[in-house]
Amino acid sequence: MASSLTKDAAQQGIPADSGKTFFGHPRGLATLFMTEMWERFSFYGMRALLVYYLISGGADGVKEGLHTGGLAMTAAAASSIYAVYLAMVYLLAMPGGWFGDRVWGPRKTVAIAGGVIMVGHLTLAIPGAPAFFVGLALVAIGSGLLKSNISTMVGHLYDGPEDPRRDGGFTVFYMGINLGAFVAPFVIGTVGETVSWHLGFALAGLGMGLGVIQFLLGTKNLNPKSSVVPNPLSAQERTAWLRKGLVWLLAIAAFYGVVAATGHFTLNWALIPITVLGLVIPTAVLVRIKRDKDLSDSEQTKMSGYIWFFVAAAVFWMIYDQGGSTLAVFAKGSTAGTVFGFSFPATWFQSLNPLFIMALAPVFAWLWLWLARKNQEPSTTVKFGMALVAVGASFFVFVVPMMMASDGTKVSPMWLVSIYMVQTIGELCLSPVGLSVTTKLAPGKYASQMMGVWFLAVTAGDCITSLLSIGGVDLSGTTVIGVEAALAVLAGLAVYVYRKRIVALMGGVH
């Protein structure tokens, strides 16, 4: 997926060894590049195994030809857990940024986050359902803590927003994300799918451990501002937050203790509340901002326009993030794992998206500039419409190989290659543009929080997928895939049809 490239202003501060550079950028960029590369290596490697591990040992796992040792769940339950996990990673990016701003500072928060992620992966390497869910929770918490803070530190390396190297630095950082995501399925995915699930998870932990070590060794190259807590909690605030946290923790523990003691606990008792929260919290955040009486009329209007983009993004991610669940299961059970006589594990398909990102991102950047010079660059609304149509079209394409495989036939891997490529084209039309329009439409009062709001669109989209799975909807059925495709295309056409109204709400922002 595209990285969380925050655009907060950087205060001057030059590390002692500032004479050294990394491709013409401050030396500290190498430290952050490698940290993010290893974090994404561990994240995407584990993600490539997640659904396979959950269904391994069960009827669906036997059907897909997976080796044993997993949790023997149904594909529907696995898809729901996968969607909730992704939703929580992006939901926790907001409190993660809060910890960096008010408790530990960005540098300490990233170091702690890396350690939490590493422990989470190593916990996943322990067989059994209890270890799995504890490990998954730790990885989600750590990823949320790290996500926004490491991007903030990239911004700290430069002399304010006007530094001409700044955009290039974020581009280099972005390539680190995709490099780690590209390599991970070849290493972690191969070992996990063909040797041992738990050895694969352990390799993810090792990768994150290497990232933490090099981060700690390279902190001397970072801007001193990265160690500063911008808005520290007062002693009274800290006490109040701890009290509230303990009250909520005890209440939740007591509730689930009663449910478990009475023998009523099932997995849905955990999944449904989390999924509902993943929909309620984004809605509540948008409503709170929209109803804030401190906002000017212009800011209120811009927020009305932003809601269009938020809903469109939620629909997009609802389909796009099934690349690691619905598409992954199809890759294992119904797709030929050979090309020109060369056999490969199904996890390798998860490398296609970062590969296409690295290949196509420069092309799209050039294309938008070329069209802008000719006064023909599509507006933000048109790009969003294009993204929705593209992701919908990818699922219309998906219906074809699904029908071909209905009798047990193994379809060509080129079908999935095509689907992932079309989805990546959609992502490049939506994700970078969404990050940009978020900063442009953000009310001044919420400028630093709106990037977290943008990530809540991912949370909302994934939670919709999870609720559908929990509700018994077969996400691997051709009818459902076709309905999702039609929904995305219709949403894209709606954005295009109402583009003039949306542009008017944007108040001159393009």
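Residues numbered from 1 in each chain as written. Predicted model: local features only at pLDDT ≥ 70, side-chain atom pairs only at ≥ 80, totals over all residues. Heavy atoms only, no water.

Engineer: Sorry if this is basic, but what is going on with the overall build of the chain here?
Structural biologist: Scanning the chain for helices and strands turns up 18 helices and four strands. Here the C-alpha atoms of the chain give a radius of gyration of 22 Å, agreeing with the 24 Å that 2.2 N^0.38 yields for 510 residues. Along the first, second and third principal axes, the C-alpha atoms of the chain reach 60 × 55 × 50 Å. Going through the 510 residues of the chain one by one, you find that 53% of them count as buried. Pairs at least 24 apart in sequence give 82% of the contacts found in the chain among residues at least 6 apart. In the form shown here, the chain has an accessible surface area of approximately 21300 Å², with 69% of it arising from carbon and sulfur atoms. Positive and negative side-chain charges in the chain, numbering 32 and 24 respectively, have mean positions lying 5 Å apart. (Helix = DSSP H or I, 4+ residues; strand = E, 2+ residues; numbered from the N terminus. Rg over C-alpha atoms; globule rule 2.2 N^0.38 Å. Buried < 20%, exposed > 50% of the residue type's maximum accessible area, 1.4 Å probe, protein only. Contact = heavy atoms within 4.5 Å. Areas by Shrake-Rupley, 256 points an atom, 1.4 Å probe, with all protein chains shown as cover. Lys, Arg positive; Asp, Glu negative; His and termini not counted. Charge placed at Lys NZ, Arg CZ, Asp CG, Glu CD.)

Engineer: Which parts of the structure should I look at to understand unusual backbone geometry?
Structural biologist: Glycine aside, a negative phi is what most residues show, and trans is what most peptide bonds show. The backbone of Phe340 sits at a positive phi, close to 50°, despite the residue not being glycine. With respect to the helices and strands, Phe340 occurs in the loop between strand 3 (338–339) and strand 4 (342–343). By relative accessible area, Phe340 is classed as exposed at 87%. Unusually for a residue other than glycine, Asn375 sits at a positive phi of about 60°. By the secondary structure assignment, Asn375 is in the loop between helix 13 (352–373) and helix 14 (380–404).

Engineer: Is there a simple way to think about the packing of helix 14 against helix 17 (residues 478–497) in this case?
Structural biologist: A pair of packed helices is captured by two measures, namely the crossing angle of their axes and the spacing between those axes. At a minimum axis separation of 8 Å, helix 14 and helix 17 run at an interaxial angle of 160°. One finds that helix 14 runs roughly antiparallel with respect to helix 17. For the element pair helix 14 and helix 17, the recorded crossing hand is left-handed. Counted by class, the contact of helix 14 with helix 17 contains 20 nonpolar, six polar and one charged residues. (Axes fitted to C-alpha atoms, helices over the stretch in contact; angles between N-to-C directions. Parallel < 35°, antiparallel > 145°, perpendicular 65-115°, else oblique. Left-handed = near helix turned anticlockwise from the far one by under 90°. Nonpolar A, V, L, I, M, F, W, Y, C, P; charged D, E, K, R; others polar.)

Engineer: In this structure, what is going on with the environment of Asp167? I would like to understand it.
Structural biologist: Structurally, Asp167 is set in helix 7 (residues 166–194). Assessed through its relative accessible area of 52%, Asp167 is described here as exposed. Considered as a pair, Asp167 and Gly155 are twelve residues apart in the sequence and their alpha carbons are 9.4 Å apart.

Engineer: Quick question: what am I supposed to make of helix 10 (residues 268–290) here?
Structural biologist: Look at helix 10: 33 Å from first C-alpha to last across 23 residues, which is about the 33 Å you get at 1.5 Å a residue. Within helix 10, burial applies to Leu271, Thr275, Gly278, Pro282, Val285, Leu286 and Ile289. (Expected span 1.5 Å × (residues − 1).)

Engineer: Where do I start with the packing of aromatic side chains in this structure?
Structural biologist: The full count for this structure, using the stated rule, is 29 aromatic pairs. With 5.2 Å between their ring centres and 75° between their planes, Phe43 and Tyr44 make a pair best called edge-to-face. Tyr44 sits in the buried class, given a relative accessible area of 7%. An aromatic cluster of at least three residues, connected via ring pairs, comprises Phe182, Phe186, Phe342, Phe344, Trp348 and Phe349. Over the ring of Phe455 we find Lys147; its NZ or CZ atom is 5.6 Å from the centre of that ring. Between the NZ or CZ atom of Arg499 and the centre of the ring of Tyr496, over which it lies, the distance is 3.9 Å. (Phe/Tyr/Trp six-rings, centres within 6.5 Å; stacked < 30°, edge-to-face > 60°. Lys NZ or Arg CZ within 6 Å of the ring centre and 35° of its normal.)

Engineer: Can you help me understand the environment of Ala137 in this one?
Structural biologist: By the element assignment, Ala137 lies in helix 6 (residues 129–156). Overall, Ala137 belongs to the partly exposed group, its relative accessible area being 37%. As for Ala137 and Pro401, which are separated by 264 residues in sequence, their C-alpha atoms are 35 Å apart.

Engineer: How do you make sense of the side chain of Thr459 when you look at a structure like this?
Structural biologist: Turning to its location among the elements, Thr459 is positioned in helix 16 (residues 450–470). If we ignore the near neighbours within four places in the chain, the residues touching Thr459 are Ala87, Tyr90, Leu91 and Gly278.

Engineer: Help me out: how do you make sense of helix 1 (residues 28–55) in this one?
Structural biologist: Since the α-helix packs 3.6 residues into each turn, any two residues three or four apart lie on the same face. The end-to-end C-alpha distance of helix 1 is 42 Å, a good match for the 40 Å that 28 residues give at a rise of 1.5 Å each. At Leu49, helix 1 shows its maximal kink, close to 35°. Along helix 1, 26 of the 28 residues are buried, which leaves the element largely enclosed by surrounding structure. Directly beyond the C-terminal end of helix 1, a positive phi value near 95° is found at Gly57. (Bend = angle between axes of the 7 residues up to and from the residue.)

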